[in-house]
Amino acid sequence: MGTPVTSERVTMYVEDVAYKKSISEAIMTKFAKAINFIMDRIYYNERIVYHGYFSNSTFDSLATQIFIPTRCEIAYWTMTVMSTRSAGNNSMNFTVYDENGTSLGDLFSTAPIINQASISRALVGKDKDGNNINQNTTSGFTNGTLALTELQANYTLVPKITANSTRAFGMVFNLGLRPLE
Amino acid sequence: MTFSLTNKARILSSQNNIQPQLVLKIDGIPYLFGALPVTTIGRFDEGHLFDEGLFFDKPIEDPYSRDYISMESPTTNNITQQILQDKGGTSSISGFVIKLVNKNNELAEIFKTGNLVADIISRRAKVYMGFIGSVFPDDYILIFSGIIDEFDSSSGSAVVSIAHPDVIKRQEFFVNIKGNLTSSITNVQTNIPVNSTTGVIAPADIQETYIRIDDELMKVTSFTSNSFTVQRGQLETVAVTHDLDAEFSTFYRLQSTPIQLALKLMLSDGLQSFTSSEQIKSINYYSPTLYVQNALFFDDFNIEQELGLVEGDFIQITGSVLPANNITSTVLSFGTFEGGSYVVLADTLQDESTTTASFSFKSQYNVLNEGLAMLPEEVDVSGHLEQEYLFGTGFPELDIYLKDTINGKEFLDKEIYFPCGLYSIPRKARASCKMSAPPLSTQKVLNLNSETVSNLSQLKVRRSVHKNFYNAIVYKFNNYTLEDKFLNGRITYSSDSSSRINFGTKPLNIESKGLRNTAGNIQFIDRQSSRFLDRFKYATEYIDDVKVLFKDSFNYEVGDIVTFGGEDVQLVDYATGEKFYKKRLMEIVNKSVNFKTGEIKLSLLSTAFSLDGRYAVISMSSYVHTQTTLTRLKLKQSFYDGTYDIERLKYENYIGQEFRIRNEDYTYDQTFILEGFDPSNTGQIIVSGMTVLATDDCIIEIPDYDDSDQNAQVDFKIEYAFLNPQEEIASVTDASNFEVTNVSRFSIGSIIQVHNDDYTSESQEVKVINIAGNLITTDAPLNYIPIIGDFIELIGFVDGGLPYRIL
């Protein structure tokens, strides 16, 4: 495997691309840095928001299903609970359906979990580099593990609350999707 | 690809009185046979005593050195390589003979059957070349590798004959097997009873197996000793009934791209077996300062070079006391250090500072149930992959039907390489290949001029309609399934050639059984025909018997690119009308080396002769450290380039040339002259002409294209690419007459091409025949009427320099 050129936000100058300029390692590397910088940042964010108290019986998952327009990979995700109130698991997962509507199982083999009493704006997840994200929660959480890292065009994701603590309210789930084609 | 030389080898080869040294190494025999004693580096852990008179950092005579090689007849003292580009192959010596003197009757003991090796015949052997004072193997280059096919002995000497790997390639394989039905079969029956299937090759990877009975082909899915299970009526044949005793014969099908096919056919041994190799020195740990996770370490052994392995090949470890280390894994990367090398594997290994483990290896291309069983050390795998990397997307998919037994070398040359524009060459004593394409200086280029050529005044620039000349390319392809005839043909004819050289039609005929009639293959045939014509249509120039100095050229091979010419080369240049031969890139097509006299003769071919464009590569550049004195620049190891382990070697050919040094935003932008290399600091170059100190991370590049003088920057212009000009159309009279925004960039004779913004309108290439004010007139109407704002390409440079084109 080759060595990726480190992405960097660079400014192209007229002198870099003018007639008669030598096509050098430096210039090609500069282009590569810029391309990788752009490619690293091409993703779109799907956001599931549930205001108020949530539970698996009150959540209208079909109304918030996500359609996947192009083959993509999961770049990052975060799950926020605005207020946990009591102890107990709060968790969301997604059922993945293929282009024919056949279920392929859950997106997460271990879904993100927040389980800590009386905290506000607790947030867990993973960033685009695979690092854990944790805010306002110090125990009883799981960042989550993907079962599927890549999704094909025309798949759909149907969100579902898989656990909720008593009187927990305000769930937000961000899913970053990086197009692969 | 030239041989890489160590610094020491470079220095030794540059001495005035060169004394070449040959070393013979035979697989399984520890002794190193040399014409002179073979020296190596002494190590602390090899049991040398300090009262032996050893010194730090000095070479010592290898304890296994035996200076038994006699340079007298019949020892081979001359090697010749010749490229036959228009036949897809190479002629080179088929063997290397070495005479060994039987001192103290020691040869009898060494070569005694069953002593060190089971039999000297069929052992693999390598011949290396170095110089007196060279350290083995670091400072040597491999000049021949093969199998001992003859061993003659007398009381005073022994003669070892080594056959070239091409001899292995010449063996027959995919032997056609015939047999008979043991009962009649219906037209739907899929179990076919036969008298015997012995010798039939099972399908694997890119190879399918069929049997032919009468005019029906059946695809074999499995077979026993006396029956086949098949799919009936394959490859456009019709399933019919067949009689008892009807004859069957094997029919194989190979499908892949040429490089993949060539590698798999050469490297497959039919068994996908591993080959045993060296003892491992240690695992992960080599010394307190050298630790590489998941690495196998070796002393005095460059695993990548010696075995010819590449990333992705397989390593099997056995004999470790740690069971977790006895695994089969994939090669991730290689590394070297002074006196040894290591290979990094994909799987986790546990530390062993010393180990009893040894390893065996298998090429990732050893996947077929039939092949030439060549070892990676006999095949230039990385050279093949380089061609695939450079031209890969342009290679066609071959689909070859093997109706009869084939000969390895003939099949590779004629059916795989040649139709795809490749030709086989020996590289680093291995079977390699190269693309028929204009020259590219992808490696360090040797400059041939009055300083490096010893017989300049005797040279002749030659052109002939009998050699290196074709004005038509005839492809016959799409071989019929059942008979040996071609269903399609395509002729590309150069009218430019015939109007310039009135010699009738001289076609280059290419017959390909593997090219099928697909749109992609037709595109490929057209593109490759153009490449062949570019090379041969004007009876390209060639120069024979160029005598070059040993020190400059011994590590160059046929297929390598050199520059030849310059103002000091007083050969009339009929292309330019100048009295000197304008410097250009040429390809070495013939090389002869005499080990006794040190004489090297080359034949050069101008493979870009009369082209209307230039093909070049990306130029080198480097970051520098903060400059403290205006006459020195310290270079950083910059960008990626596996060729140069010392950054300044990028600039070795360009002492005396002007370079640019600038910062990222061009607010600092100067030029300097490269005066030389600082002998006291390997990272530093000596410069002149600078007036302001450079800051950290300033960039050295070659300067912008100098279009004021066509003889300025000649080396840079022929080797490296610059951005071509692009102009816009300002007004349009008709398809042949239009005004341009910057007419000063055009000259009569320029080739131009016009297109709109999204290339939905794109003209053919036409020539500028008149310029009046801003009005351009072309020799033929564009194939569409351009509009204001359309773009003009391929204009070239105002010094007469041709545009840089995409290969």
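Structure first, text after, so check above.
Residues numbered from 1 in each chain as written. Chains lettered and ligands numbered in written order. Predicted model: local features only at pLDDT ≥ 70, side-chain atom pairs only at ≥ 80, totals over all residues. Heavy atoms only, no water.

Caption draft 1: Region of interest: the overall build of chain B. Tallying secondary structure elements over chain B gives 11 helices and 50 strands in all. Dimensions of chain B, computed from the C-alpha atoms along their principal axes, are close to 85 × 85 × 55 Å. Relative to its full complement of 807 residues, chain B shows a buried share of 55%. At a minimum sequence separation of 6, the contacts of chain B that also span at least 24 residues come to 70%. (Helix = DSSP H or I, 4+ residues; strand = E, 2+ residues; numbered from the N terminus. Buried < 20%, exposed > 50% of the residue type's maximum accessible area, 1.4 Å probe, protein only. Contact = heavy atoms within 4.5 Å.)

Caption draft 2: Representation of the interface of chain A and chain B in the model. The partner chain B presents 31 residues to the 20 residues of chain A that form the contact. The contact between chain A and chain B buries some 2000 Å² in all, and 53% of this surface belongs to carbon and sulfur atoms. Area buried by chain A at its contact with chain B is led by Tyr19(A), Lys20(A) and Glu25(A), which between them contribute 39% of it. Seen at the junction of chain A and chain B, the total is four salt bridges. (Buried area = accessible area lost by both parts, 1.4 Å probe. Salt bridge = Lys/Arg side-chain N within 4 Å of Asp/Glu carboxyl O.)

Caption draft 3: Structural detail: the pairing of strand E16 (residues 207–213) of chain B. Residues and elements named next belong to chain B. With six of seven residues buried, E16 is to be regarded as a mostly interior element. Pairing of E16 with strand E19 (residues 247–256), which is carried by seven bridges, proceeds in the antiparallel orientation. Its bridge partner lying in E19, Ile213 is registered against Phe248. Sheet topology note: the E16/strand E17 (residues 216–223) ladder contains four bridges and is antiparallel. (Pairing = 2+ DSSP bridges.)

Caption draft 4: Looking closely at the side chain of Ser249(B). Counting through the fold element by element, Ser249(B) comes out in strand E19. When neighbours within four sequence positions are excluded, Ser249(B) is seen to be in contact with Asn176(B), Ile177(B), Lys178(B), Tyr210(B), Ile211(B) and Arg212(B).

Caption draft 5: The sheet that holds strand E10 (residues 124–131) of chain B, seen in detail. Residues and elements named next belong to chain B. Spatially, eight strands are ordered E5-E2-E1-E10-E11-E12-E9-E6 in an open sheet, and the strand pairing comes out mixed. The open sheet has two free edges, formed respectively by strand E5 (65–66) and strand E6 (69–70), since each of these has just one partner strand. Across three bridges, strand E1 (residues 20–26) lies against strand E2 (residues 32–34) in antiparallel orientation. For Val23, the partnering residue across the bridge sits in E2 and is Gly34.

Caption draft 6: Examining the packing of helix H4 (residues 258–267) of chain B against helix H7 (residues 408–417) of chain B more closely. All names here are of chain B. For the pair H4 and H7, the least separation of the axes is 10 Å and the interaxial angle reads 165 degrees. As summarised for this structure, H4 and H7 are arranged roughly antiparallel, according to the angle between their axes. The way H4 lies across H7 gives a crossing that is right-handed. In this structure, H4 contributes Pro258, Leu261, Ala262, Leu265 and Met266 to the contact, and H7 contributes Phe411, Leu412, Ile416 and Tyr417. For the contact of H4 with H7, a count of residues per class yields nine nonpolar, no polar and no charged. (Axes fitted to C-alpha atoms, helices over the stretch in contact; angles between N-to-C directions. Parallel < 35°, antiparallel > 145°, perpendicular 65-115°, else oblique. Left-handed = near helix turned anticlockwise from the far one by under 90°. Nonpolar A, V, L, I, M, F, W, Y, C, P; charged D, E, K, R; others polar.)

Caption draft 7: Broad picture of unusual backbone geometry. Residues and elements named next belong to chain B. Cis geometry is found at the peptide bond from Ser73 to Pro74, where omega equals 10 degrees. Topologically, Pro74 is positioned in the loop between E6 and strand E7 (78–84). Residues other than glycine seldom take positive phi values, yet Gln713 does so here, at roughly 55 degrees. When you line up the elements, Gln713 lands in the loop between strand E44 (699–701) and helix H11 (714–719). For Gln713, a relative accessible area of 14% corresponds to the buried category. Residue Leu794 is not a glycine yet carries a positive backbone phi of 60 degrees. Residue placement: Leu794 occurs in the segment after strand E50 (791–793).

Caption draft 8: Looking closely at the pairing of strand E5 (residues 103–106) of chain A. Residue and element names in this part refer to chain A. Here three bridges tie strand E4 (residues 90–97) to E5, and the two strands are oriented antiparallel to one another. Looking across to E5, one finds that Val96 is bridged to Gly105. Connecting E4 to the next strand, E5, in antiparallel fashion are five residues, including Gly101 with a positive phi near 85 degrees.

Caption draft 9: Spatial organisation of the environment of Ser763(B). All names here are of chain B. Positionally, Ser763 belongs in the loop between strand E47 (751–755) and strand E48 (766–772). The spatial distance from the C-alpha of Ser763 to the C-alpha of Gln753 is 5.8 Å, given a sequence separation of 10 residues. If we ignore the near neighbours within four places in the chain, the residues touching Ser763 are Gln753, Val754, Leu782, Asn783 and Tyr784.

Caption draft 10: Representation of the side chain of Ser83(A) within the structure. Residues and elements named next belong to chain A. By secondary structure assignment, the location of Ser83 is in strand E3 (residues 72–83). Judged by its relative accessible area of 10%, Ser83 falls in the buried class. Setting aside residues up to four positions removed in sequence, Ser83 forms contacts with Ile119, Ser120, Ala168 and Phe169.

Caption draft 11: Structural context of the packing of aromatic side chains. Counted by the stated rule, this structure contains 41 aromatic pairs over all chains. Arranged with centres 5.0 Å apart and planes meeting at 70 degrees, the rings of Trp77(A) and Phe108(A) form a pair that is edge-to-face. Taken together, the positions of Trp77(A) in strand E3 and Phe108(A) in strand E6 (residues 108–110) put the pair 31 residues apart, joining distant regions of the chain. On the basis of relative accessible area, Phe108(A) is assigned to the buried category, the value being 1%. Each member of the aromatic cluster is reached from another via a ring pair, and the members are Tyr651(B), Tyr654(B), Phe659(B), Phe672(B), Phe716(B) and Tyr720(B). (Phe/Tyr/Trp six-rings, centres within 6.5 Å; stacked < 30°, edge-to-face > 60°.)

Caption draft 12: Fine view of the environment of Tyr286(B). Residue and element names in this part refer to chain B. Positionally, Tyr286 belongs in strand E21 (residues 282–287). For the pair Tyr286 and Pro781, spaced 495 residues apart in the sequence, the C-alpha separation amounts to 71 Å. Sequence-distant contacts of Tyr286, defined by excluding residues within four places in its chain, comprise Lys281, Phe297, Asp299 and Phe337. Within polar-contact distance, the side chain of Tyr286 engages the side chain of Asp299 at 2.5 Å. (Polar contact = N/O pair within 3.5 Å; in protein donor to acceptor, adjacent residues only side chain to side chain.)

Caption draft 13: Highlighting the pattern of salt bridges. Residue and element names in this part refer to chain B. In this structure the tally under the stated criterion is 49 salt bridges over all chains. Across the pair Arg253 and Asp399 runs a salt bridge whose closest N-O atoms are separated by 2.7 Å. Linking Arg253 in strand E19 with Asp399 in strand E27 (residues 398–402), this pair joins segments that are 146 residues apart in sequence. There is no split in this pair, since Arg253 and Asp399 are both buried. Among the salt bridges present, the one from Asp299 reaches Lys281, with a minimum N-O distance of 3.7 Å. Of the two residues, Asp299 is situated in strand E22 (residues 290–299) and Lys281 in the loop between strand E20 (275–279) and E21; the sequence distance between them amounts to 18 residues. Residue classification places Lys281 among the partly exposed positions, given a relative accessible area of 27%. Where salt bridges share partners, they join Lys25, Lys126, Glu306 and Glu377 into one cluster.

Caption draft 14: Region of the structure containing the sheet that holds strand E34 (residues 507–511) of chain B. Residue and element names in this part refer to chain B. The sheet built from three strands is open, its strands ordered E33-E32-E34 with mixed pairing. The open sheet has two free edges, formed respectively by strand E33 (486–493) and E34, since each of these has just one partner strand. Mean inter-strand twist for the sheet, computed between neighbouring axes without regard to direction, equals 15 degrees. Note: strand E32 (residues 472–479) against E33, seven bridges, orientation antiparallel. Bridged to Val474 within E33 is Ile491. The strands touched by helix H9 (residues 519–536) within the sheet are E32, E33 and E34, with E32 carrying the most contacts at an inclination of about 150 degrees.

Caption draft 15: Spotlight on a negative patch on the surface. Residues and elements named next belong to chain B. A cluster of like negative charges, contributed by Glu451, Glu567, Asp568 and Asp709, occupies part of the molecular surface. Mapping Asp709 onto the fold places it in the loop between E44 and H11. On the basis of relative accessible area, Asp709 is assigned to the partly exposed category, the value being 35%. (Patch = residues over 30% accessible without salt bridge, like charges linked within 9 Å, V, L, I, M, F, W, Y side chains within 5 Å. Areas by Shrake-Rupley, 256 points an atom, 1.4 Å probe, with all protein chains shown as cover. Lys, Arg positive; Asp, Glu negative; His and termini not counted. Charge placed at Lys NZ, Arg CZ, Asp CG, Glu CD.)

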